[in-house]
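# Observations on the model geometry
Here's the letter readout for the chains.
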Amino acid sequence: MSHKRIPKRKAAIAVGGVVALGAAAILLPSANASQDGAPDDAAAAPRTLKAGDASDLATRLAGTLGDAYAGAWYDGEDKRLVVNVVRGEGDMALKVRSAGAEVREVDNSMAELQAGAGTLKSEATIPGTSWAVDPRTNKILVTADSTVTGDKWDRLESTVESLGSGMATLKKSEGTFRTFVSGGDAIFAGGARCSLGFNVTAGDGSPAFLTAGHCAAAGDAWSDQQGGEPIATVDQALFPGDGDFALVRYDDPATEAPSEVNVGGQTVPIVQAAEATVGQQVFRMGSTTGLADGQVLGLDATVNYPEGTVTGLIQTDVCAEPGDSGGSLFTQDGLAIGLTSGGSGDCTVGGETFFQPVTTALEAVGATLGDGDGDGDGDGGGAGAGDQADGQDAGAEQDGAGGDQGVQEQSDMGSDRHSGLTRTH
């Protein structure tokens, strides 16, 4: 993927090449307007909402409902927020309807689901597994990749069964959970390649960008060309642990770092960071596979990579491949949602991909993005990526797209992983 960086001393440099996007006009203005002006006597009917507004409403209702709240998701077809309320909490259900959301009564409370996730953590932290609460099924979605076999599978299956009937769903993934770092074009360090996520402003006002924390293990100095001069230096990084993100500062303090995503000749203005909502349509831009889209499947996901466990991630069905790590996850309204962490599968067979929430990363490193407002209301307008053609081959080969920045195999990342939030220079 690429973000444009414009040093005052030279012309703009695009991080990554032009992406083959198929026979589609990608960017059209967002057409989803929020209908917040419904009269009071229509309060019982679910409102039509943009995804960003639905996320805000879900957050407010979670605080209002307390223990009765059991998760929420966005119905993209009807553009409505659906809120789970523990069965028997009629007064709370009325509050949800009055707020303009649809109510669904469920059996599992959020506390019970979180306790189940805690059991999985203590009993089944096995490399190649992941879990996240799926509010659409009111269960924990547990996934095992192709490496989980024999005794490891038996242990995982037994742990899931111990949670009780109706608490969790166990599925098998054909791929292997891994971080998506490999050779090609984008940002480079130590023979490894990643994708720039979002340009940001560091706490001291200097220009910087966010990418995946596991990318920082390849080296502190990053270039926008394979074998080129460094343009930025890792300042803070976290992987594994409570996230997968890094803040990388541009070495030239005069660098202008626009808040936008380049999707192959066109740009999507990024107005602010926002929380993800289950069911929300999202777009991922990466230096290997270009633009791909899909839905958010779960929040606060735990992924057990070979390098260690990472918590607090967003689970999606958006495809990704090696080299896409650190790339941006965003909405057609210009909301920054996540940074590509890893997953299984590819853009031919599909699979699961996990993302670091941008809001969490910004808070941890003390940076701001866009106008600095992270409430996710999405009222910044901007071009959209929503009208991508259904048949787009997001994984098309990029022959000639990167000039002499050809595919290079990732060097051995070694064991020098950042195990905590660290300042590296």
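Everything in this summary refers to the structure shown in the same document. (Residues numbered from 1 in each chain as written. Predicted model: local features only at pLDDT ≥ 70, side-chain atom pairs only at ≥ 80, totals over all residues. Heavy atoms only, no water.)

### Re the overall build of the protein
Stated formally: Counting from the N terminus, the helices are the DSSP runs of H or I reaching at least four residues and the strands are the DSSP runs of E reaching at least two. Accessibility here uses a 1.4 Å probe with only protein chains present; expressed as a share of the type maximum, an area under 20% marks a residue as buried, one over 50% as exposed, and anything in between as partly exposed. Only the protein chains shown count as cover for residues, and all accessible areas are computed by the Shrake-Rupley method using a 1.4 Å probe.
In terms of helices and strands, the protein carries five helices and 28 strands. Taken over 425 residues, the protein has a buried fraction of 56%. As displayed, the protein has an accessible area near 16500 Å², and 46% of this comes from carbon and sulfur atoms.

### Focus on the sheet that holds strand β5 (residues 80-86)
Definition in use: Should DSSP find at least two bridges between two strands, the strands are taken to pair. Interaxial angle, 0 to 180 degrees, is taken between N-to-C directions of lines fitted to C-alpha atoms, where a helix line uses only the stretch in contact.
Judged by pairing direction, the sheet is mixed, and its three strands sit side by side in the order β4-β5-β6 without closing on themselves. Among the strands making up the open sheet, the edge pair consists of β4 (69-75) and β6 (102-106). Taking each pair of neighbouring strands and ignoring which way they run, the sheet shows an average axis angle of 25°. Pairing geometry for β5 and β6, over five bridges, is parallel. For N84, the partnering residue across the bridge sits in β6 and is R104.

### Overview of helix α2 (residues 90-98)
Spelled out, the test is: Here the arc refers to the directions that run from the helix axis out to each C-beta atom. Working rule for contacts: check all heavy atoms of both residues, and any pair within 4.5 Å makes them a contact.
For α2, the full list of buried residues reads M92, A93 and V96. Take α2 and look down its axis: the buried residues cluster within an arc of 105°, on one side only. Exposed positions of α2 whose direction lies more than 90 degrees from the buried face are D91 and L94. Those residues of α2 that are buried are in contact with α1 (51-65), β5 and β6. G100, located one to two residues past α2, shows a positive phi value of around 100°.

### What to know about the state of the cysteines
Note the threshold: The term disulfide is used for any two cysteine sulfur atoms that are within 2.5 Å.
This model, assessed by the stated rule, comprises two disulfides. Here C194 engages in a disulfide with C215; their sulfurs sit 1.9 Å apart. Taking the sign of the torsion about the S-S bond as the criterion, the disulfide between C194 and C215, at about -100°, is left-handed. Pair noted here: C194 is in strand β12 (residues 192-194) and C215 is in the loop between β14 (207-211) and β15 (221-222), with a separation of 21 residues, a long-range link. Owing to a relative accessible area of 0%, C194 belongs among the buried residues under this scheme.

### Observations regarding the packing of α1 against α2
To describe two helices that pack against each other, one gives the angle between their axes and the distance between the axes. The cut-off we apply is this: Geometric relationships in this document are graded by angle, where less than 35 degrees denotes roughly parallel, more than 145 denotes roughly antiparallel, 65 to 115 denotes roughly perpendicular, and other angles denote oblique. If you view the pair so one helix is near and one far, a crossing is left-handed when the near helix is turned anticlockwise from the far one by less than a right angle, and right-handed when it is turned clockwise. Classification convention: Asp, Glu, Lys, Arg as charged; Ala, Val, Leu, Ile, Met, Phe, Trp, Tyr, Cys, Pro as nonpolar; all other residues, Gly among them, as polar.
The N-to-C vectors of α1 and α2 enclose an angle of 155°; their axes lie 11 Å apart at closest approach. Classed by the angle they form, the pair α1 and α2 counts as roughly antiparallel. For the element pair α1 and α2, the recorded crossing hand is right-handed. Facing L61, T64 and L65 of α1, the residues of α2 in contact are M92, K95 and V96. Split by residue class, the contact of α1 with α2 holds four nonpolar, one polar and one charged.

### Observations concerning the packing of helix α3 (residues 110-123) against helix α4 (residues 150-162)
As a packed pair, α3 and α4 sit with axes 10 Å apart at the nearest point and diverge in direction by 155°. What the angle tells us is that α3 and α4 run roughly antiparallel. Considering the relative orientation of α3 and α4, their crossing is right-handed. Residues T119, L120 and E123 of α3 touch α4, and the partners they reach there are R155, T159 and V160.

### Details of a negative patch on the surface
Defined as follows: Patch definition: residues with relative accessible area over 30% and no salt bridge; like charges joined within 9 Å; nonpolar side chains (Val, Leu, Ile, Met, Phe, Trp, Tyr) joined within 5 Å. Whenever Lys or Arg places a side-chain nitrogen within 4 Å of a carboxyl oxygen from Asp or Glu, that contact is recorded as a salt bridge. In this tally, Asp and Glu contribute negative charge and Lys and Arg positive charge; neither His nor the terminal groups of the chain are included. Each charge is placed at NZ for Lys, CZ for Arg, CG for Asp and CD for Glu.
A cluster of acidic residues, D151, D154, E157 and E161, forms a negative patch on the protein surface. On the secondary structure map, E161 appears in helix α4.

### A few points about the environment of C319
Relative to the assigned elements, C319 resides in the loop between β23 (308-316) and β24 (328-330). Overall, the relative accessible area of 15% leaves C319 in the buried class. When the C-alpha positions of C319 and G342 are compared, they lie 9.9 Å apart, and in sequence the two are 23 residues distant.

### Some words on the side chain of D134
Put simply, the rule is: Contacts described as polar in this section are N or O atom pairs within 3.5 Å, which, within protein, must combine one atom able to donate a hydrogen with one able to accept it, while residues neighboring in sequence count only if both atoms come from side chains.
Within the element layout of this structure, D134 appears in strand β7 (residues 129-134). A polar contact is formed between the side chain of D134 and the backbone nitrogen of R136, at a distance of 3.0 Å. Not counting chain neighbours up to four residues away, the residues in contact with D134 comprise K139, L141 and L297.

### Let's talk about the nonpolar core
The nonpolar side chains of a soluble globular protein tend to be buried with one another. Keep this limit in mind: Buried residues of nine kinds, namely Ala, Val, Leu, Ile, Met, Phe, Trp, Tyr and Cys, make up a nonpolar core once their side-chain atoms join them within 4.5 Å.
Residues L65, L81 and V83 are the most contacted members of the largest nonpolar core, which totals 35 residues. Of all the secondary structure elements, the ones that give two or more residues to this core are α1, β4, β5, α2, α3, β7, β8 (139-144) and α4. Counting residues per element, this core draws most heavily on α1, which supplies six residues. If we ignore the near neighbours within four places in the chain, the residues touching V83 are L61, L65, Y69, G71, A72, V96, A101, E102, V103 and R104.

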